[in-house]
Structure formats: C-alpha cells, structure tokens
Amino acid sequence: MKHHPCLASFVTLPIYAGDQGDLGNEGDEGGIGKNGPPGHPGTSGEAGLKGDVGHMGKTGPDGEQGDKGDTGLDGPSGLKGVTGTTCDCGKYRRVLGQMDVFVGKLRNALKFVKKIMLGLTESDERYYLLVKEAKNFKEASTNCKLRGGALAVPNTVNSNRLVADYVSQSGLSRVYVGFRPNITDTLAQNGGNSSGDADSIPPSDFASDDLTSASRNASCVELLSTGTWNRVPCDTAMFFICEFPKGRIRRGGRGGAVDSTP
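Residues numbered from 1 in each chain as written. Predicted model: local features only at pLDDT ≥ 70, side-chain atom pairs only at ≥ 80, totals over all residues. Heavy atoms only, no water.

A. Main features of the overall build of the protein. Secondary structure assignment for the protein yields three helices and seven strands. The N-to-C order of helical and strand elements in the protein reads α-β-β-α-β-α-β-β-β-β. Counting only residues that meet the buried cut, the protein has 26% of its 262 residues in that class. Across the protein, contacts joining residues at least 24 apart in sequence account for 68% of those joining residues at least 6 apart. Carbon and sulfur atoms form 53% of the exposed surface of the protein, whose accessible area is close to 21000 Å². (Helix = DSSP H or I, 4+ residues; strand = E, 2+ residues; numbered from the N terminus. Buried < 20%, exposed > 50% of the residue type's maximum accessible area, 1.4 Å probe, protein only. Contact = heavy atoms within 4.5 Å. Areas by Shrake-Rupley, 256 points an atom, 1.4 Å probe, with all protein chains shown as cover.)

Put into structure tokens, the structure is as follows:
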C-alpha cells in the first residue's frame, strides 16, 4: 500500500494537558433520588395541650342491684284530722240493694246459659248433660269419661226425678244411665260399688215385667222419661246422660260441657 506524499512531512510530537478552563454554568436540578434507610428514633416531644370534652356516649348496661339501705328515721307525726261527718247509711243501703238486684240478674243469666245454651241441668251436687249421639253402653261410658265425667247414676229419688224430667223435656223417651244390674238384681255404678244411701232407689223401680227378663246381654239399664228403669242389651245404641261433680266440668267434644264453677 502506498502512502500519500504529503503525510511524509508530518512529525509525531508528544501531547501535553492544557490549562484548566473556567467553571461552567450551574446545571439543572436533578431528579429525586431513592429513599435512604430509616433514621434512628428521635426523642419524645413535649405533651400537647388537653383537648375539649367529647360528646356524651351511649348509656351503658344497668348495673347489679345494690344492697338494701338502712331504715330511715321515723318522720314527725301528722296533724290531727278533721272530725268526720255523720254516715249517710241510707245511701249505701240503696247501693247495696241495687248490687243485690244486679247479682240476682247475673245468677239468672248464668242459669240461662247452663240450661238453654249448654243444655245442662243441675242438682245441688252435680251437672247433667244429655248427649244426643246414639252409642252403645261401652261407647257412651267412654264418651262421658272423655268429657271429664261419667254416665249418670240418679240413685236417689230426687236425682232420678230430675233426670227423668230432663229426658222428658228434651222430647226423648229413654236414655242410657250408668247402672249395671248383676244377676242378683243389685245395682252398681259402671261396675263400681252399689249405693247404700238411705234414700237410694230400690230395685222395685225397674218395670215389673223386666225383673224376670234378664239375659246375659241385657245387663245394662235405660232410664225412661217416666222415671222407671228397664234392662236393655248393652249393644243397643241410644242417647245417654253424663254427670259431672260441680267444679270439675271441662271442655269436651261435640256437645260437651264447658268449664264452670257454680
């Protein structure tokens, strides 16, 4: 390769550093650098001023009841009262008389409810309810028990007359009662003890032609509206009368009695 003839005249000389130049103008502000590591905790500052009172909060739950305190001192005696006037007893007697009339009306209304609305009749000791549902003796007895009573046992002259009149006034001729005569012609209530009262009705109240007509199935008793009794087969279906000791009547099924206290 050939060199240019002009280059041959240059001599290679050493290069020296020049003098320091003037300072340049200040540059623009640089960007924000990365966050440095956290510093050490500083010392606690002084306590600030006390703030204003806050709003009242919600009422808290009730606390437990405290112990009873000591009895206080007796207060001073009161002043003497004014002398009373003479009692106007006549006015109060009139009020009491009006109350007696009102109570009498209430009693009559109660009797109306018992006899007309509930269909009950009563003696001094019992209520009687005529159930107009044809059932055999066993079903009738169970029905009365479910109502809170038992088949009626009018074993005195007065109760027998009362129940017989009840049957007659209802337009019926016969109903089941709770007597169960055995082969010796004694009477027992629903299989219980026979009555030993002095005024008990004797077996002669059976129809005269019925005393000798007993059979194994004719061991139940019907009460006629005339007040006499007949033996009937226990599987005969007929209406019946339940009895309830006073103070023990409770709600029963259809046609049942309701709670009542005389």
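That shown, we press on.
B. Focus on the packing of aromatic side chains. Going through the model one piece at a time under the given rule, you end up with one aromatic pair. Between phenylalanine 137 and tyrosine 176, the aromatic rings sit 5.6 Å apart at their centres with planes inclined by 80 degrees, giving edge-to-face as the arrangement. Here tyrosine 176 lies in strand β4 (residues 174–176) and phenylalanine 137 lies in helix α2 (residues 137–146), a separation of 39 residues in the sequence. Residues phenylalanine 137 and tyrosine 176 agree in their burial class; the two are buried. A cation over a ring is seen here: lysine 246 above tyrosine 127, with NZ or CZ 5.3 Å from the ring centre. (Phe/Tyr/Trp six-rings, centres within 6.5 Å; stacked < 30°, edge-to-face > 60°. Lys NZ or Arg CZ within 6 Å of the ring centre and 35° of its normal.)

C. Just α2, in detail. Taken residue by residue, α2 has Phe137, Ala140, Ser141, Asn143 and Cys144 as its buried positions. Buried residues in α2, looked at end-on, bunch into an arc of 160 degrees, giving them a common side. Exposed and facing more than 90 degrees away from the buried side of α2 are Lys138, Lys145 and Leu146. Contacts made by the buried residues of α2 are with β2 (126–135), β3 (150–151), β4, β5 (220–224) and β7 (238–245). Of the residues flanking the start of α2, the one acting as N-cap is asparagine 136, its side-chain oxygen 3.2 Å from the backbone nitrogen of lysine 138. Two residues or fewer past α2, glycine 148 is found with a positive phi of approximately 95 degrees. (Arc of directions from axis to C-beta. Polar contact = N/O pair within 3.5 Å; in protein donor to acceptor, adjacent residues only side chain to side chain.)

D. Main features of the state of the cysteines. Counted according to the given criterion, the structure contains two disulfides. Put simply, cysteine 144 and cysteine 242 are joined by a disulfide, and their sulfur atoms are 1.9 Å apart. With the S-S dihedral at roughly -80 degrees, the linkage between cysteine 144 and cysteine 242 falls on the left-handed side. You can see cysteine 144 sitting in helix α2 and its partner cysteine 242 sitting in strand β7, a full 98 residues away along the chain. Across the disulfide from cysteine 220 sits cysteine 234; the S-S distance is 1.8 Å. The sign of the 100 degrees torsion about the S-S bond sets the cysteine 220-cysteine 234 disulfide as right-handed. Of this pair, cysteine 220 sits in strand β5 while cysteine 234 sits in the loop between β6 (229–232) and β7, and the two are 14 residues apart along the sequence. One exposure class covers both cysteine 220 and cysteine 234, and it is buried. Bonded cysteines in the protein are paired 1-4, 2-3 when counted in the order they occur along the chain. (Disulfide = S-S within 2.5 Å.)

E. Looking closely at the pairing of β6. Burial along β6 is two-sided: the face carrying Trp229 and Arg231 and the face carrying Asn230 and Val232 are both buried. As judged from the four bridges shared by β5 and β6, these two strands associate in the antiparallel manner. Bridge pairing in β6 places valine 221 opposite arginine 231. If you look at the hairpin formed by β5 and β6, you'll find four residues sitting between the two strands, and glycine 227 has a positive phi there, around 100 degrees. (Pairing = 2+ DSSP bridges.)

F. Expanded view of the nonpolar core. Residues Phe137, Leu151, Tyr176, Cys220, Phe240 and Cys242 are the most contacted members of the largest nonpolar core, which totals 16 residues. For this core, the secondary-structure elements that each account for two or more residues are β2, α2 and β7. Looking at this core, the element that brings in the most residues is β7, giving four residues. Counting residues in hydrophobic clusters, the runner-up holds 15 residues, among them Ala152, Tyr166, Leu172 and Val177. (Core = buried A, V, L, I, M, F, W, Y, C linked by side-chain atoms within 4.5 Å.)

G. Inspection of the pattern of salt bridges at higher detail. What the rule picks out here adds up to seven salt bridges. In this structure, glutamate 243 and arginine 126 form a salt bridge, with 3.6 Å as the shortest nitrogen-oxygen distance. Pair noted here: glutamate 243 is in strand β7 and arginine 126 is in strand β2, with a separation of 117 residues, a long-range link. The class for glutamate 243 is buried, based on a relative accessible area of 7%. Here arginine 126 falls in the partly exposed class, since its relative accessible area comes to 30%. A salt bridge links arginine 147 to glutamate 133; its shortest N-O distance comes to 3.7 Å. With a gap of 14 residues between them, arginine 147 in the loop between α2 and β3 and glutamate 133 in strand β2 connect regions that are remote in the sequence. What makes arginine 147 buried here is its relative accessible area of 3%. It is possible to trace a salt-bridge network through shared partners that takes in Glu125, Arg126 and Glu243. (Salt bridge = Lys/Arg side-chain N within 4 Å of Asp/Glu carboxyl O.)

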